[in-house]
Amino acid sequence: VLACTGSDYRGVHLGKILLKTTENSQYSQDNLYQQATHQAEVNVPAGSHKLYLQSHDTVQKIIIACTKGSELLLLETASSPLQQTTFIQLNLEDGANVTHVRLAKDNDIALSRIEVTQAKNSTYKLIQLSTLSSLQRTEILTELKGEQAHSEIQYLSLAQGKAHHDMQAEVRHLAPNCTSEVAVRQLAADTAKCIFAGKCYVDIISQQTDANMQIKNLLLSPKAEAYSKPELEIYADDVKCAHGNAT
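Quick caveat, the model's predicted, so the values are computed rather than measured.

Colleague: In this structure, what is going on with the pattern of salt bridges? I would like to understand it.
Modeller: As enumerated under the stated definition, the model contains 11 salt bridges in all. Salt-bridge contacts for R113 lead to E139; the nearest nitrogen and oxygen are separated by 2.8 Å. One end of the pair, R113, is in strand β11 (residues 109–118); the other, E139, is in strand β13 (residues 135–144), with 26 residues separating them in the sequence. E139 gets classed as partly exposed once you look at its relative accessible area, which sits at 24%.

What follows is the structure, encoded as structure tokens:
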């Protein structure tokens, strides 16, 4: 278990990944490096923090617990040249704020799943750029379990050659007065293929929900393909939910 106690910078590598921190400038160089196994847990206290996750190993799991009032910038990159499988679990307590930036590139095969649980007044924002992977699939599930929680997903796929990019996203509104935003842009060139499937679920108790999902695809060659499937599953009757899809 890694305690993210500083307000400056902390990085985590799993397996062969390097853990480094500049939370205390008095530390010697040796103190800035630690080893982690294929699974790591990070506890983020109140205050502003940065967590840098750079992946060199093939299989990894990381669990991040953001305590009440914490603010986290999570920067994630992958540099394994072969197959990589990643599982990230984020638990946001009351008022926690997480911005998750993912740069997915340079992998032959990249498979990842993200699960986010949000308490009241928490915010989770995912920004993902997918570029050079030949086969890439990302699954994300966000559950808004407290009032006034907000979830936001911004996804850009740039596929070329024979690349296959696949994003599966589900936002579950499980409490009243929550908001969510999903914005997807997919560009496919050559014989590449882009796929996005998004679902917004609104529970019967989740009145005053405001949810929006917008998908736009651009085909840059006659043989490129783009598929998108937005879904709404709504059981509450006092909501504002919309989706749009254009290619």
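Colleague: What am I meant to see in the pairing of strand β15 (residues 164–173) here?
Modeller: In the case of a regular strand, side chains alternate between the two sheet surfaces. Pairing of β13 with β15 involves 10 bridges; the strand directions are parallel. Considered in β15, the bridge of L141 is made with E170. Taken together, the 10 bridges between β15 and strand β17 (residues 193–202) define a ladder with parallel strand orientation. Each bridged residue has a counterpart across the sheet, and for V171 the counterpart in β17 is C200.

Colleague: Mind showing me how you'd approach unusual backbone geometry here?
Modeller: Leave glycine aside and you will find that most residues have negative phi; peptide bonds, for their part, are mostly trans. Phi is positive for D190, close to 55°, though the residue is something other than glycine. By the secondary structure assignment, D190 is in the loop between β16 (179–188) and β17. Phi is positive for Q208, close to 65°, though the residue is something other than glycine. Looking at the element boundaries, Q208 is found in the loop between β17 and β18 (210–219).

Colleague: Could you clarify how one ought to interpret empty space enclosed by the protein in this entry?
Modeller: Any empty space left between the atoms is revealed when a probe the size of a water molecule rolls over them. If you walk through the whole model with that rule in mind, you get 2 cavities of 30 Å³ or more. Lining the second largest cavity, in full, are V171, S180, V182, C200, A211, N212, M213, L232 and A242. Those elements that provide at least two residues to the lining of the second largest cavity are β16 and β18. With 3 residues, β18 is the largest single contributor of residues to the lining of the second largest cavity. When its residues are assigned to classes, the lining of the second largest cavity shows 7 nonpolar, 2 polar and no charged.

Rules used throughout
- Residues numbered from 1 in each chain as written.
- Predicted model: local features only at pLDDT ≥ 70, side-chain atom pairs only at ≥ 80, totals over all residues.
- Heavy atoms only, no water.
- Salt bridge = Lys/Arg side-chain N within 4 Å of Asp/Glu carboxyl O.
- Helix = DSSP H or I, 4+ residues; strand = E, 2+ residues; numbered from the N terminus.
- Buried < 20%, exposed > 50% of the residue type's maximum accessible area, 1.4 Å probe, protein only.
- Pairing = 2+ DSSP bridges.
- 1 Å grid on protein atoms, 1.4 Å probe; cavity = no way out; pocket = protein on both sides within 12 Å on 5 of 7 lines; lining within 4 Å.
- Points joined across faces, edges and corners; volume = space filled by probe spheres on them.
- Nonpolar A, V, L, I, M, F, W, Y, C, P; charged D, E, K, R; others polar.

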